[in-house]
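Chains, contacts and geometry: an overview
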Amino acid sequence: MPKFVHRVTEYDPANRDERGHYPADDDVDSDRGPIEAAYLQAVVAFAEECGVDRLSVRDPGAFLLDPDEAGMRLEDLLPSLCDFHDGAEVPLEVALELVRMMLRGDEGRCLLEAGDEFFVHIGYDQYMYIGTDRPCERAAARARRLGLFPEPIPESPYSEEPEEPDGPQRPADEEFWARVHRLVVSGQAGVLEESPIQNVSRWHGLTPDTVDAVRAGLAPRAMLTLWPPLSTDVAAVLASVPEDGRVEFVREDAAGAITGVRVDGEQREESAALAAGARAAAALPTTVDEHRPLAAAVRPDADGVLRAR
């Protein structure tokens, strides 16, 4: 990781308390105006001093907006949602729009990195962390002229590698796909959940004849989770949703499209509406203790190396 890190904010360090905390009553939303523009110009200043013009997306996540909601959308920045995945490279211009999106709290979130040369991490409350492979005194001076406060700190709070609660990730290699084939042929498996982005999944129905085609269309570095076939007894599935629990309600419509949405037992009307017109469904657990898929793996890169976080 870059060894020089600045916390760049609109907050004057002189106003912090003895613990280093800034008063909480300040506005912590983007002004969508001159201060936001200053943040973006600061990113450009540090990137240019490091000679960086492309960044990699890491740890992507999203809370997708409904069509009638206002806000910046990933689909307006990238060719498709499938282009927003761990390891995707974007030019600096697109990276700046992703920074803008995160400052505003809109649809997508990620870390933006360029190896050991440079990174931009956006935290909460308009905190921005910029890492560089050199001191970047000119860029820091530029940020100050823009009205921001670049403070040298030891590291970004987002630089730590997350711990793996269930051990190392398993690559979706040939052995994994051979197991998928066996489970599908035997009738034990029938649905593959593809998650290239945190909080976003695509669902694929599997038959012995479609496994290879589904595999070929998966997003890079996606998390793959294998589930049993959906049940055609949709009423029984709906009745199984616990009153005090939360599940992923997965449904297949008349055209064969599979979608999933999280519901709880109190949302009986919403669940009934989701079940209407479904020809098959499942209620999958969402808690760590109950989450027991048939198999799970992460798609490696083309050279077979698993680099997804």
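This write-up is about the structure you can find in this document.

Here is what the cut-offs are and how they apply
Residues numbered from 1 in each chain as written. Predicted model: local features only at pLDDT ≥ 70, side-chain atom pairs only at ≥ 80, totals over all residues. Heavy atoms only, no water. Helix = DSSP H or I, 4+ residues; strand = E, 2+ residues; numbered from the N terminus. Contact = heavy atoms within 4.5 Å. Areas by Shrake-Rupley, 256 points an atom, 1.4 Å probe, with all protein chains shown as cover. Axes fitted to C-alpha atoms, helices over the stretch in contact; angles between N-to-C directions. Parallel < 35°, antiparallel > 145°, perpendicular 65-115°, else oblique. Left-handed = near helix turned anticlockwise from the far one by under 90°. Nonpolar A, V, L, I, M, F, W, Y, C, P; charged D, E, K, R; others polar. Buried < 20%, exposed > 50% of the residue type's maximum accessible area, 1.4 Å probe, protein only. Pairing = 2+ DSSP bridges. Expected span 1.5 Å × (residues − 1). Arc of directions from axis to C-beta. Core = buried A, V, L, I, M, F, W, Y, C linked by side-chain atoms within 4.5 Å. Polar contact = N/O pair within 3.5 Å; in protein donor to acceptor, adjacent residues only side chain to side chain. Phe/Tyr/Trp six-rings, centres within 6.5 Å; stacked < 30°, edge-to-face > 60°. Lys NZ or Arg CZ within 6 Å of the ring centre and 35° of its normal.

1. Quick look at the overall build of the protein
- Counting its regular elements, the protein contains seven helices and 14 strands.
- Here the C-alpha coordinates of the protein stretch approximately 65 × 45 × 35 Å along the principal axes.
- Counting only contacts in the protein whose residues sit at least 6 apart along the sequence, the fraction spanning at least 24 positions is 73%.
- When the accessible surface of the protein is summed, it comes to about 16100 Å², and 49% of that surface belongs to carbon and sulfur atoms.

2. Re the packing of helix H1 (residues 34-50) against helix H3 (residues 137-145)
- Direction vectors running N to C along H1 and H3 enclose 170°, while the axes themselves pass 8 Å from each other. The angle between H1 and H3 places the two elements in the roughly antiparallel class. Seen along the crossing, H1 lies across H3 with a hand that is right-handed. Seen from H1, the contacting residues are Gln41, Ala42, Ala45, Phe46 and Glu49; seen from H3, they are Glu137, Arg138, Ala139, Ala140, Arg142 and Ala143.
- Here the residues of the contact of H1 with H3 sort into six nonpolar, one polar and four charged.

3. Remarks on unusual backbone geometry
- Located in the positive-phi region is Asp125, a residue other than glycine, with phi close to 60°.
- Here Asp125 lies in the loop between strand S5 (118-122) and strand S6 (128-132).
- Judged by its relative accessible area of 40%, Asp125 falls in the partly exposed class.
- One non-glycine residue, Gln126, lies in positive phi territory at about 65°.
- Topologically, Gln126 is positioned in the loop between S5 and S6.

4. Quick notes on the environment of Ala275
- Inspection of the secondary structure puts Ala275 in helix H7 (residues 268-275).
- Sequence-wise, Ala275 and Arg221 are 54 residues apart; in three dimensions their C-alpha atoms are separated by 31 Å.
- Other than its neighbours up to four places away in sequence, Ala275 contacts Val234, Leu238 and Phe249.

5. Here's the deal with the sheet that holds S6
- Taken in spatial order, the seven strands line up as S3-S2-S4-S5-S6-S1-S7 in an open sheet, and their pairing is antiparallel. A strand with exactly one partner marks an edge of an open sheet, and here the two such strands are strand S3 (89-91) and strand S7 (149-153). Mean inter-strand twist for the sheet, computed between neighbouring axes without regard to direction, equals 30°.
- Direction of pairing for strand S2 (residues 54-62) relative to strand S4 (residues 108-114): antiparallel, over a ladder of five bridges. Across the sheet, residue Gly61 finds its bridge partner in S4, namely Arg109.

6. Considerations on helix H4 (residues 174-185)
- Under the 1.5 Å per step criterion, the end-to-end length of H4 is 16 Å for 12 residues, consistent within 8% with the ideal 16 Å.
- Residues of H4 that are buried include every one of Phe176, Trp177, Val180, Leu183 and Val184, and no others. What you see down the axis of H4 is that its buried residues fit within an arc of 120°, all on one side. Exposed and facing more than 90 degrees away from the buried side of H4 are Glu174, Glu175, Arg182 and Val185.
- Where the residues of H4 are buried, they touch strand S8 (191-197), helix H5 (211-216), strand S10 (223-227) and strand S14 (295-298).
- Two residues or fewer after H4 comes Gly187, characterised by a positive phi angle close to 85°.

7. Re the sheet that holds strand S9 (residues 200-205)
- Strand order in the open sheet formed by four strands is S9-S8-S10-S14, with antiparallel pairing between adjacent strands. In this open sheet, the two strands that pair with only one neighbour each are S9 and S14. Across the sheet, the mean angle separating the axes of adjacent strands is 20° when strand polarity is ignored.
- For S8 and S10, the ladder comprises five bridges, and the chain directions are antiparallel. Bridged to Glu194 within S10 is Leu224.

8. Digging into the nonpolar core
- Of all hydrophobic cores here, the largest spans 45 residues; its most connected members are Leu98, Leu112, Phe118 and Met128.
- For this core, the secondary-structure elements that each account for two or more residues are H1, S2, helix H2 (92-104), S4, S5, S6 and H3.
- Leu192, Val214, Leu218 and Leu224 belong to the second-largest nonpolar core, a separate cluster that totals 17 residues.

9. Considering the side chain of Asp106
- By the element assignment, Asp106 lies in the loop between H2 and S4.
- Polar contacts involving the side chain of Asp106 include one to the main-chain amide nitrogen of Met72, which spans 2.8 Å.
- Residues contacting Asp106, with those up to four places away along its chain left out, are Arg32, Gly71, Met72 and Met101.

10. Digging into the packing of aromatic side chains
- The tally for this structure, following the rule as stated, stands at three aromatic pairs.
- Ring geometry for Tyr11 and Tyr127: centres 5.4 Å apart, planes at 40°, overall tilted. In this pair, Tyr11 is assigned in the loop between strand S1 (4-9) and H1 and Tyr127 in the loop between S5 and S6, connecting sequence segments 116 residues apart.
- Its guanidinium or amino end placed over the ring of Tyr124, Arg109 lies 5.2 Å from that ring's centre, counting from NZ or CZ.

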